[in-house]
Amino acid sequence: MPKRIGLFGGTFDPVHIGHLRGAVEVAEFMALDQLRLIPSARPPHRDTPLVSAHDRLAMVECAVAGVAPLVVDDRELKRDKPSYSIDTLESLRAELAADDQLYLLLGWDAFCGLPSWHRWDELLLHCHILVLQRPDADSEAPEALRDLLAARSVSDPHAMTGACGQISFVWQTPMAVSATQIRGLLLDGKSVRYLVPDKVLTYIQAHGLYRAAN
């Protein structure tokens, strides 16, 4: 049987319960054999992460330890260049069987920004795209994506076929938590307990991360 592998990238600065709950929901809903969390080193479309790649990787490893099918993939941190998703997909495809299914997980905002991504029109040559959309999302896709959606979208994610090439939407449980919010609380010396896993909080405290400069 072909493997079913999900890919969930981000700065994870820090990883939090919103990331993790979303990942678990998709992994269960899509019956994935593996869902890889991929910390980015130098994201081309976002600000430089506040803490080091080493610390962000360590926090994700703490968060998913023993939580199958979530695993960590550090390939983007090993590159000395911006973290382009197309490079990650090409390198993964080279390691997998031709019929293994790859699912790239994107939030609605990231999906709408696809036309600004490096070689974005080649992504579907390597993977399916699962758009994680919350019930309160009411915006429309930009015009540059409408033809692609018309040609490639599948209404039922379970009906996606083949190793790559299709787009579908997965509804997510709304969780009002963000890394920006968590960093702000920590800078103000406030608690972030229950917003991040206990092991991640312990790591943040032990390494003095996200503290205001003295």
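- The name that an unreviewed UniProt entry assigns to the chain is Probable nicotinate-nucleotide adenylyltransferase, with the source organism given as Pseudomonas segetis.
- Quoted verbatim from the Catalytic activity (unreviewed entry) heading of the UniProt record, the comment on the chain is "nicotinate beta-D-ribonucleotide + ATP + H(+) = deamido-NAD(+) + diphosphate".

### Some points on the overall build of the chain
- A tally of regular secondary structure across the chain gives seven helices and six strands.
- For the chain, the succession of helices and strands along the chain, N to C, is β-α-β-α-β-α-β-α-β-α-β-α-α.
- Computed over its C-alpha atoms, the radius of gyration of the chain comes to 17 Å, within 12% of the 17 Å expected for a compact globule of 214 residues.
- Within the chain, the proportion of its 214 residues that are buried is 46%.
- In the chain, the share of contacts with a sequence separation of at least 24, taken over all contacts with a separation of at least 6, comes to 75%.
- When the accessible area of the chain is evaluated, it comes to approximately 10900 Å², of which 51% is carbon and sulfur surface.
- For the chain, the distance from the average position of its 21 positive side-chain charges to the average position of its 27 negative side-chain charges is 5 Å.

### Focus on the packing of aromatic side chains
- One pass over the full model with this rule turns up four aromatic pairs.
- Measuring from centroid to centroid gives 6.1 Å for Trp108 and Phe169, while their planes differ by 45°, and the two rings are tilted. Remark: Phe169 occurs in strand 6 (residues 167–171) and Trp108 occurs in helix 4 (residues 108–112); sequence separation between them is 61 residues.
- Since its relative accessible area comes to 25%, Phe169 is described here as partly exposed.
- Ring geometry for Phe111 versus Phe169: centroids 6.2 Å apart, planes at 80°, classification edge-to-face.

### What about the pattern of salt bridges?
- Summed over the entire model, instances satisfying the criterion amount to 10 salt bridges.
- One salt bridge in this structure joins Arg36 and Asp73, with 2.9 Å as the shortest N-O distance. With Arg36 in strand 2 (residues 34–39) and Asp73 in the loop between strand 3 (70–72) and helix 3 (85–93), this pair connects stretches of sequence that are 37 residues apart.
- Since its relative accessible area comes to 14%, Arg36 is described here as buried.
- You can call Asp73 buried: its relative accessible area is 6%.
- Linking Glu140 and Arg146 is a salt bridge whose minimum nitrogen-to-oxygen distance equals 3.8 Å.
- Glu140 gets classed as exposed once you look at its relative accessible area, which sits at 64%.
- Among the charged side chains, a network of salt bridges with common partners joins Arg36, Asp73, Arg75 and Glu95.

### A closer look at the environment of Leu102
- Secondary-structure assignment places Leu102 in strand 4 (residues 101–107).
- Taking the relative accessible area as the measure of exposure, Leu102 reaches 0% and is therefore buried.
- A sequence separation of 80 residues divides Leu102 from Ile182, and the C-alpha atoms of the two residues are 31 Å apart.
- Look past the residues within four positions of Leu102 in its chain and what remains in contact with it is Ile5, Leu7, Leu89, Leu92, Arg93, Leu96, His126, Cys127, His128 and Ala163.

Rules used in this analysis
Residues numbered from 1 in each chain as written. Predicted model: local features only at pLDDT ≥ 70, side-chain atom pairs only at ≥ 80, totals over all residues. Heavy atoms only, no water. UniProt positions renumbered as here; feature names shortened; annotations may be inferred. Helix = DSSP H or I, 4+ residues; strand = E, 2+ residues; numbered from the N terminus. Rg over C-alpha atoms; globule rule 2.2 N^0.38 Å. Buried < 20%, exposed > 50% of the residue type's maximum accessible area, 1.4 Å probe, protein only. Contact = heavy atoms within 4.5 Å. Areas by Shrake-Rupley, 256 points an atom, 1.4 Å probe, with all protein chains shown as cover. Lys, Arg positive; Asp, Glu negative; His and termini not counted. Charge placed at Lys NZ, Arg CZ, Asp CG, Glu CD. Phe/Tyr/Trp six-rings, centres within 6.5 Å; stacked < 30°, edge-to-face > 60°. Salt bridge = Lys/Arg side-chain N within 4 Å of Asp/Glu carboxyl O.

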